[in-house]
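# Working through the structure, step by step
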Amino acid sequence: MRSASPRTPHESAPRASGRPWPSRRRLLPVVGLMGLAFGSSPAVGSAASDITVGATADSEIQARAPSGRFGTRPAMRVDASPRRVGLVRFSVPRLPGAVRSAKLRLHVTSPSDHGPAVYATAAQWTEADVSWKRQPALTGTTLDQQRSVGRGWIQYDVTPAVRSAGTVSFALVATSRDGMTVSTRESRHAPRLRISTVASEDAAPSTVPTPTVGPQDAGPQDAAAPQRPPGGPSFSDDFSGPAGEAPDRGKWVDYGPRCGGVGDWGSISCGSNEHLDGDGHLVIPAMPSAGSALMTQGTFGFVYGTMSAWIKMPPQSGYWPGFWSLNGTQTGTELTGEIDTTEVYTAWPGSTSTAHAWTGGAHLWKSPDVLGGQGAALTTGFHKYSATIAPGRVTYFFDDVEVGSLTSAAAPGPWPWGPEVVRPNFLVLDLAIGGGGQPAPTAPAEMVVDRVEVTP
C-alpha cells in the first residue's frame, strides 16, 4: 500500500412369443405394481422403458453471500455476475435395464440468451448446509450446455453421469451475465430426471461420449482437485477452523515493517494477532497504537485473474482497512505494481480503489480514486471487493458491480503489470491506522473477513 491519500404413460412393447396376452383383468395388477416401483415403466425384460424422477434437493448458492442458505426458495437463479450457481440432486431407483439416455429437465421462468453449462457434482450435500463456502465439488467435464434458453421446459443431456441406481447431483454454472431463473421443487414445476433404459441384452452403446477424465478429474477431492469450470477459484480460503486458531500458515504469513512490509505507514506491527473466530471468519485486530496485516508472498501469487474478498469493515473511527496486492517490493529496483482493491477511511464515504507504481523506493504515480458502495453500510455486513488484472487493464468491482477501471494507455507512467511485468501479484489484508486525514483512533477495532479467493 500505498500512499495515504439450478412420468410418462406406459407404452406396451410387442409380445415376443406367440402365446396370447393375459386377460385385461389379470394384467392390471401387474402394471400397477410396476408403476409403483418404476414410475409406470414396462417390466424388466421389455425392449425399452422410461422413468421420471423428481428432485430430492435443490438450492441456489451465491458468491456474494458465501455462507447463505437458499434451499427453501421456489426458484433459483443462475448467473455469472453476480455469481450464482444452481444445484439439484436426485435419487435414482433400481433400473429395469441399461441406461440409454438421461435428460435433466428444468422449468425456466426467466430466459437467457446463453444458458448455463451442466456439470456432475459430489452428492454429499443437503439444502440445510450447502452454501458457496461449502459447495459440492465438480466431478468431471461439461455434460451439456444450451446456447439460448426460453421460458418453459428445457432439457440437458446428462447421460454420462447416470449409469445405475444411486444419488446423482448436478450444478448449473452460468456462462453469461443475463442470468436464468429455474423453478425448484418447492414450486409446481420441480426439476426432473428422465431416464430411458433398454433391457441389458438389447443395450446399445450410448451415443453420448463419456467425458474424458484426466489426472485432475480423478480420485477423491483431497487427492486431486476435480476440473473446475472457467472462473473456478485458483486460490480460496473460507477461514474454517476453531476459534482462536491462527489462519492457514500454508497460505498466509505475517506482514509488517520487519516481516515483509515496507516502512512504518499505518503503524502496522509484526506479530501473530490475526485469528479465526470459529464461525468461518478471519479477524484482523488493531489497537490505537498498532495495526496488523497478513500476506501471501511466498505462498501464492498470480499474474492475471480476479482477486476478491468479502469483508466487514470496522465501525471505529481512525482506522484504515484494506485489501490489496503487490508484485514486488516498494523499495527494490524493479518496477512494482500495487493494486488497492479497497481502502476504507472512516472519514470518507464508501470504498476507495486505486493503483500505484513504484521503483527504487520512489512512488512513481497514483491513479485517480475510484469510489464504490458510497450508500452501503460497510460496517454492518459483508461486502465483496474485487479487482481484475488483465493484460493492460485493471478493473474494480463492488458487490460484483463494476465501479471503474484503468488501462495502460491511460496510466500516468510506466505500466507495472502484464504484459509488461509478469511477476506474480501477492495478496495483502491489513487493518492500519490513520490515512485519509483521519484523527487518531481511541478504541480497539477488528476487520472481519469471510472469504478470500482468486479466480482465473
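Cut-off values and rules
- Residues numbered from 1 in each chain as written.
- Predicted model: local features only at pLDDT ≥ 70, side-chain atom pairs only at ≥ 80, totals over all residues.
- Heavy atoms only, no water.
- Helix = DSSP H or I, 4+ residues; strand = E, 2+ residues; numbered from the N terminus.
- Buried < 20%, exposed > 50% of the residue type's maximum accessible area, 1.4 Å probe, protein only.
- Areas by Shrake-Rupley, 256 points an atom, 1.4 Å probe, with all protein chains shown as cover.
- Core = buried A, V, L, I, M, F, W, Y, C linked by side-chain atoms within 4.5 Å.
- Contact = heavy atoms within 4.5 Å.
- Salt bridge = Lys/Arg side-chain N within 4 Å of Asp/Glu carboxyl O.
- Phe/Tyr/Trp six-rings, centres within 6.5 Å; stacked < 30°, edge-to-face > 60°.
- Lys NZ or Arg CZ within 6 Å of the ring centre and 35° of its normal.
- Pairing = 2+ DSSP bridges.
- Lys, Arg positive; Asp, Glu negative; His and termini not counted.
- Polar contact = N/O pair within 3.5 Å; in protein donor to acceptor, adjacent residues only side chain to side chain.
- pLDDT = per-residue confidence, 0-100.

### Structural notes on the overall build of the chain
On a plain count of helices and strands, the chain comes out with one helix and 27 strands. Relative to its full complement of 456 residues, the chain shows a buried share of 52%. When the accessible surface of the chain is summed, it comes to about 19700 Å², and 53% of that surface belongs to carbon and sulfur atoms.

### Digging into the nonpolar core
In this structure, Ile311, Leu427, Leu429, Val449 and Val452 are the most contacted members of the largest nonpolar core, which totals 42 residues. Among the elements of the structure, strand S15 (282–286), strand S17 (305–312), strand S18 (319–326), strand S20 (351–359), strand S23 (383–390), strand S24 (393–398), strand S26 (426–433) and strand S27 (445–455) are those that each provide at least two residues to this core. In terms of residue count, the dominant contributor to this core is S27 (five residues). Contact partners of leucine 429, with chain neighbours within four places excluded, come to Trp252, Leu282, Ile284, Ser292, Ala293, Leu294, Ile311, Gly322, Phe323, Met447, Val449 and Val452. With 30 residues, the next largest nonpolar core counts Val78, Val88, Leu95 and Val162 among its residues.

### What about unusual backbone geometry?
The omega torsion across serine 81 and proline 82 is -5°, close enough to zero to call that bond cis. Looking at the secondary structure, you find proline 82 in the loop between strand S3 (75–80) and strand S4 (83–92). For the peptide bond that leads from glycine 418 to proline 419, omega is 5°, which places it in the cis range. With respect to the element layout, proline 419 can be found in the loop between strand S25 (401–407) and S26. Here aspartate 399, not a glycine, exhibits a phi torsion of approximately 50°, which is positive. Tracing the chain through its elements places aspartate 399 in the loop between S24 and S25.

### Examining the pattern of salt bridges
Should the charged atoms of two oppositely charged side chains come close, the side chains can pair. What the rule picks out here adds up to ten salt bridges. Across the pair arginine 77 and aspartate 79 runs a salt bridge whose closest N-O atoms are separated by 3.4 Å. Residue class for aspartate 79 comes out buried when judged on its relative accessible area of 5%. For lysine 103, the salt bridge is made with aspartate 157, and the minimal N-O distance between the two is 3.8 Å. Here aspartate 157 lies in strand S8 (residues 152–157) and lysine 103 lies in strand S5 (residues 98–110), a separation of 54 residues in the sequence. You can call lysine 103 partly exposed: its relative accessible area is 22%.

### Details of the packing of aromatic side chains
Under the defined criterion, the tally for this structure stands at eleven aromatic pairs. Between tryptophan 415 and tryptophan 417, the aromatic rings sit 4.9 Å apart at their centres with planes inclined by 75°, giving edge-to-face as the arrangement. For tryptophan 415, a relative accessible area of 6% translates into the label buried. Of the aromatic side chains, those joined through ring pairs into one cluster are Phe235, Phe239, Trp252, Phe300 and Phe302. When the ring centre of phenylalanine 235 is taken as reference, the NZ or CZ atom of lysine 251 above it lies at 5.9 Å.

### Observations concerning the environment of lysine 103
For the pair lysine 103 and isoleucine 195, spaced 92 residues apart in sequence, the C-alpha to C-alpha distance is 6.5 Å. Not counting chain neighbours up to four residues away, the residues in contact with lysine 103 comprise Gln155, Tyr156, Asp157, Val158, Arg192, Leu193 and Arg194.

### Observations concerning the pairing of S17
Counted residue by residue, S17 has seven buried out of eight residues, so it is predominantly covered. Alignment of S17 against S23, held across seven bridges, turns out to be antiparallel. What sits directly across from glycine 305, in S23, is isoleucine 389. Across seven bridges, the pairing between S17 and S27 is antiparallel.

### Side note on the side chain of glutamate 274
Positionally, glutamate 274 belongs in the loop between strand S13 (253–254) and strand S14 (275–276). Buried charge glutamate 274 goes without a salt bridge, the closest partner of opposite sign being arginine 249 at 4.5 Å. A polar contact is formed between the side chain of glutamate 274 and the backbone nitrogen of alanine 293, at a distance of 3.2 Å. Leaving out residues up to four positions away in the same chain, glutamate 274 has contacts with Ala246, Pro247, Asp254, Leu282, Val283, Ile284, Pro285, Ser292, Ala293 and Leu294.

### Regarding the environment of threonine 139
Within the secondary structure, threonine 139 sits in the loop between strand S6 (117–121) and strand S7 (144–145). Using a relative accessible area of 41% as the deciding quantity, one classes threonine 139 as partly exposed. For the pair threonine 139 and tyrosine 119, spaced 20 residues apart in the sequence, the C-alpha separation amounts to 7.5 Å.

### Brief notes about the confidence of the model for the chain
For the chain, mean pLDDT is 81; residues scoring 70 or higher make up 79% of the total. Of all secondary-structure elements in the chain, the lowest mean pLDDT belongs to helix H1 (residues 24–38), at 31, while S24 reaches the highest, 97. The low-confidence segment residues 4–46, where pLDDT is below 50, has 58 contacts with residues more than four positions distant or belonging to other chains. Within the model, pLDDT remains below 50 along residues 202–231, and this stretch shows 46 contacts once partners closer than five positions in the same chain are excluded.

### As for the environment of proline 285
With respect to the element layout, proline 285 can be found in strand S15. Here proline 285 is in contact with Asn273, Glu274, Gly291, Ser292, Leu431, Ala445 and Glu446, once residues within four sequence places are set aside.

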